[in-house]
Amino acid sequence: MAENRNGAILAADFGSVHTRLVLLDTVDGSYRLVARAAGRSTADFPFNDISTGLTRVIEELSSITGRTLMDGGQQIITPERTDRAGVDYFVATASTGRPLRTVVVGLVPEISLASGIRAAAGSYVEIAETLSLNDTRSEEEQVNAVIQAVPDMVLITGGTDGGAQEPLLVLAGRIQLALQLLDPARRPVILYAGNTQAAPAVQRMFRDLTAVFVAGNVRPALDEEALEGAQLQLGRAFDKFKENRGMGFDTVGAMSAVGVLPTAQSYNLLIEYLGKAQDVDVLVVDVGSAVSTLSASLNRQANTIIRTDIGLGHSAHALLDTVGIETIQHWLPFNTSYDEITAYTRNKTLRPATIPQNLRDLYLEHALLRAGIQALVQAARPAWRKANPFLTTALPTFDPLIGAGAGLAGTGNPGYSALLLLDALQPEGTATLRADANALLPALGALAYIKPEAVVQALEYGGLEELGTSISLSGQPRHDRAAMRIRIRNASGQLVEHQLAGGHLWVYPLPPGQEVEVDVRALGRGVSLNGKARLRLKVSGGSVGLIFDARGRPLPLAQDVRGRATQMPDWLAEVSGGEVMPIDERWLAPLAEADTPLTAAESPTPAGKPDRRWRGRRGQAATRSLTPEEQEQLDEEEDLQNALR
């Protein structure tokens, strides 16, 4: 634990595409976000060193703030000096790089092995192999299986505290033999989270072979599960693994007060802290380029789901394989082929930093995003049911709902961010919607270790973007029939009345920090406001305002493409306040007729997005003459694709 100081805090988060920095400092006695900067990550070729990107972004942040943050040796200055050079604390989190290939060892598959797998789900791991007493393979086959798994880490669990040690040590001995046969440079780290009485013996077995981390037993008793200690040590193991791989993680980790924590673990720490300290049920969802995370606290029980097969850049094609082509098509308001969607996801995997260039690309991107979030929710439901055995709705009543990552928080329009959260999560009743537009949450999770008061203060003073409050109808209202009667009384006493038809949204503009009294009634049979016919409450606004959602739950997305071509542009316009961008009639033609690509001039472009070269239905470039600059760029892209095939 670092010495308690109250100066500036610098936090870095290393993603697969971007390196982000936030600077917190005390203003009027409370920590607040004072500056931020971002740049391209440099973990991959040609730099292969995250510290290079860190130095560049720190230089940008220094230019913005006028503060000197690094010395001549490229080291962050700590503690803060009297001339305000440097910072008191530096913390770092990372989600870049491949996950840790992990072998999980446990005595009983349904007990200790299952707990070990659940603990590993809270970090960036890929389960490559499992061993248990029920394994029918010979000892030689088990040892070979561990060697062939090429693990970065072995997680050993098993036995209750005070129970028998011999069966556990037998399995650990097979791991020991496998490590002895491996090249010393390729030996995995060991994380032990089993019977605490056996911990010294396990440490002796591996101390001359590799690094050993010891955590509390994930199953101290048959009817008790304790994952927090193992998840904390997983963060240390992650840090050690990154250091061993080089890539600048050793340099950055040496400067950080907490090493380099996994970004997802930082989310889990933050959610757990907020759930216990503020007694709220909160959910954070972050769909990144290579990794996606859903972290939630329900009834003071924190749970984090990490998926390395869900992402909008590096993992875009893996996401398509995970959810299936039909799921993506379900979220599209036009006809499309497997070839077109595959071309889009492969191009995103090849060039993960690219953003949608036109309306069609935007719908494809958001279809992937919605499908990815729903896959995360599906994976999290068993843990939610454990925390709340009486759960009856698809989504527990989380408040707030927080969207993080560029896909959700960097849309460029707060209405888009709010609609994506509502579509993918489908909350019922009342929910506060927020966006982590400043990439602050990873920093706050790391700070929960060393400066918990800074976490609360930064959140209280505008660290997150307040999108607004949503009030959503449950059940299936009749389309275009009265479904919600809304009365809003503002601070001056003025009364606003509105009747909202089923299948639509309505936004009442209300800036952040302002409150109004709302009286909402559900109209019609079989509909409610999360089980109630009427809600009367005070609600606060946001950058979008108050969002009244009378579309129903589950969301009645049309099964036919023409129905969605009417619904989705209307919903987008209703929540964003923009004009309806209709779907081109040719996009609705049968696929055999729709394969002719449109030109760039014919392709609609979303507001605020540059109209760049349109890519056709099967990924081909549209037929129009290219400028010499465009032709040169196209040739470079094709050369790169050919080199990587």
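Residues numbered from 1 in each chain as written. Predicted model: local features only at pLDDT ≥ 70, side-chain atom pairs only at ≥ 80, totals over all residues. Heavy atoms only, no water.

Caption draft 1: How the structure looks around the overall build of the protein chain. Counting its regular elements, the protein chain contains 19 helices and 22 strands. A burial count over the protein chain gives 56% of its 645 residues as buried. Of the contacts made within the protein chain by residues no fewer than 6 positions apart, 68% connect residues no fewer than 24 positions apart. (Helix = DSSP H or I, 4+ residues; strand = E, 2+ residues; numbered from the N terminus. Buried < 20%, exposed > 50% of the residue type's maximum accessible area, 1.4 Å probe, protein only. Contact = heavy atoms within 4.5 Å.)

Caption draft 2: Summary view of the sheet that holds strand β3 (residues 30-40). With respect to topology, five strands assemble into an open sheet ordered β3-β2-β1-β4-β10, the strand pairing being mixed. At either end of the open sheet lies a strand with only one pairing partner, and these are β3 and β10 (260-262). Put simply, the sheet's adjacent strands are angled 25° from each other on average, direction ignored. Taken together, the six bridges between strand β1 (residues 9-14) and strand β2 (residues 18-27) define a ladder with antiparallel strand orientation. Bridged to L10 within β2 is L23. Contacts from helix α8 (residues 263-277) reach β1, β4 (89-94) and β10 within the one sheet, and its direction differs from that of β10 by about 75°. (Pairing = 2+ DSSP bridges. Axes fitted to C-alpha atoms, helices over the stretch in contact; angles between N-to-C directions.)

Caption draft 3: Local environment of helix α1 (residues 50-65). Taking 1.5 Å of rise per residue, 16 residues should cover 22 Å, and α1 covers 23 Å from first to last C-alpha, within 8% of that figure. When α1 is considered as a whole, its buried residues turn out to be I50, S51, G53, L54, T55, V57, I58, L61 and S62. Following α1 by one or two positions, G66 adopts a phi angle in the positive range, close to 75°. (Expected span 1.5 Å × (residues − 1).)

Caption draft 4: Main features of unusual backbone geometry. A cis geometry characterises the amide bond from D399 onward to P400, with omega recorded as 15°. Tracing the chain through its elements places P400 in the loop between α12 (359-387) and β14 (401-404). Looking along the chain, the bond that leaves R553 and enters P554 is cis, with omega of -5°. On the secondary structure map, P554 appears in the loop between β22 (545-549) and α17 (561-576). Look at N299: it is not a glycine, yet its phi comes out positive at around 55°. Positionally, N299 belongs in the loop between β12 (292-298) and β13 (301-307). Although it is not a glycine, A439 sits at a positive phi angle of roughly 55°. The buried category is assigned to A439, whose relative accessible area is 15%.

Caption draft 5: Just the nonpolar core, in detail. Core analysis: the largest hydrophobic core is formed by 67 residues, its most contacted members being L283, V285, L294, I328, I373, W384 and I547. For this core, the element with the most residues is α12, which contributes 15 residues. In this structure W384 touches L283, L294, A296, L298, V377, L391, A394, L395, P396 and F398, once residues within four positions along its chain are discounted. By size, the runner-up hydrophobic cluster in this structure holds 30 residues, among which are V22, A404, L440 and A443. (Core = buried A, V, L, I, M, F, W, Y, C linked by side-chain atoms within 4.5 Å.)

Caption draft 6: Representation of the confidence of the model for the protein chain. Confidence in the prediction of the protein chain, expressed as mean pLDDT, is 86, and 89% of residues score 70 or more. In the model, residues 640-645 has pLDDT below 50 throughout and makes four contacts with residues more than four positions away in sequence or in other chains. (pLDDT = per-residue confidence, 0-100.)

Caption draft 7: How the structure looks around α12. Helix length check: α12 (29 residues) gives 41 Å between terminal C-alpha atoms against 42 Å at 1.5 Å per residue, within 8%. At R381, α12 shows its strongest bend, of approximately 40°, with the proline P382 following within four residues. Taken across its 29 residues, α12 has 22 buried, putting it largely inside the fold. (Bend = angle between axes of the 7 residues up to and from the residue.)

Caption draft 8: Examining the pattern of salt bridges more closely. Applying the stated criterion across every chain yields a total of 24 salt bridges. Of the charged contacts, one joins K386 and E225 as a salt bridge, the two residues approaching to 2.9 Å between their closest N and O atoms. Of this pair, K386 sits in helix α12 while E225 sits in the loop between β9 (212-214) and α6 (228-245), and the two are 161 residues apart along the sequence. For E340, the salt bridge goes to R360, with nearest N and O atoms at 2.7 Å. With a gap of 20 residues between them, E340 in helix α11 (residues 338-350) and R360 in helix α12 connect regions that are remote in the sequence. Both residues of the pair, E340 and R360, count as buried. Among the charged side chains, a salt-bridge network with shared partners connects R370, D423, D549, R551 and R553. (Salt bridge = Lys/Arg side-chain N within 4 Å of Asp/Glu carboxyl O.)

Caption draft 9: The arrangement of the environment of L537 in detail. Mapping L537 onto the fold places it in strand β21 (residues 534-540). Sequence separation between L537 and V520 is 17 residues, and the spatial gap between their C-alpha atoms is 9.0 Å.

Caption draft 10: Summary view of the pairing of strand β18 (residues 495-501). One ladder, built from seven bridges, connects strand β17 (residues 482-489) with β18; its direction is antiparallel. For A482, the partnering residue across the bridge sits in β18 and is A501. Turn length for the β17-β18 hairpin, with the two strands adjacent in sequence and antiparallel, is five residues, and the turn residue G493 shows positive phi of about 90°.

Caption draft 11: Just the packing of α12 against helix α14 (residues 414-425), in detail. It is at 9 Å that the axes of α12 and α14 come closest, and there the two elements cross at 45°. The angle between α12 and α14 places the two elements in the oblique class. The chirality of how α12 crosses α14 is right-handed. Taken together, the residues of α14 that come into contact with α12 (itself represented by L362, H366, L369, R370, I373, Q374 and V377) are Y416, L419, L420, D423, A424 and L425. Tallied by class, residues from the contact of α12 with α14 come to nine nonpolar, two polar and two charged. (Parallel < 35°, antiparallel > 145°, perpendicular 65-115°, else oblique. Left-handed = near helix turned anticlockwise from the far one by under 90°. Nonpolar A, V, L, I, M, F, W, Y, C, P; charged D, E, K, R; others polar.)

Caption draft 12: Structural context of the packing of aromatic side chains. For the coordinates displayed, the defined rule picks out five aromatic pairs. Each ring, one from F334 and one from W587, has its centre 5.3 Å from the other, and the planes form 75°; the classification is edge-to-face. Taken as a pair, F334 in the loop between α10 (325-330) and α11 and W587 in the loop between α17 and α18 (591-594) lie far apart in primary sequence, 253 residues in all. There is no split in this pair, since F334 and W587 are both buried. Here W506 and Y508 contribute two aromatic rings whose centre-to-centre distance is 6.2 Å and whose plane-to-plane angle is 50°, an arrangement assigned as tilted. A single burial state applies to W506 and to Y508, both of which are buried. One aromatic cluster is present, built from ring pairs that chain together F334, Y363 and W587. Taking the ring centre of W587 as reference, the NZ or CZ of R360 above it sits at 4.8 Å. (Phe/Tyr/Trp six-rings, centres within 6.5 Å; stacked < 30°, edge-to-face > 60°. Lys NZ or Arg CZ within 6 Å of the ring centre and 35° of its normal.)

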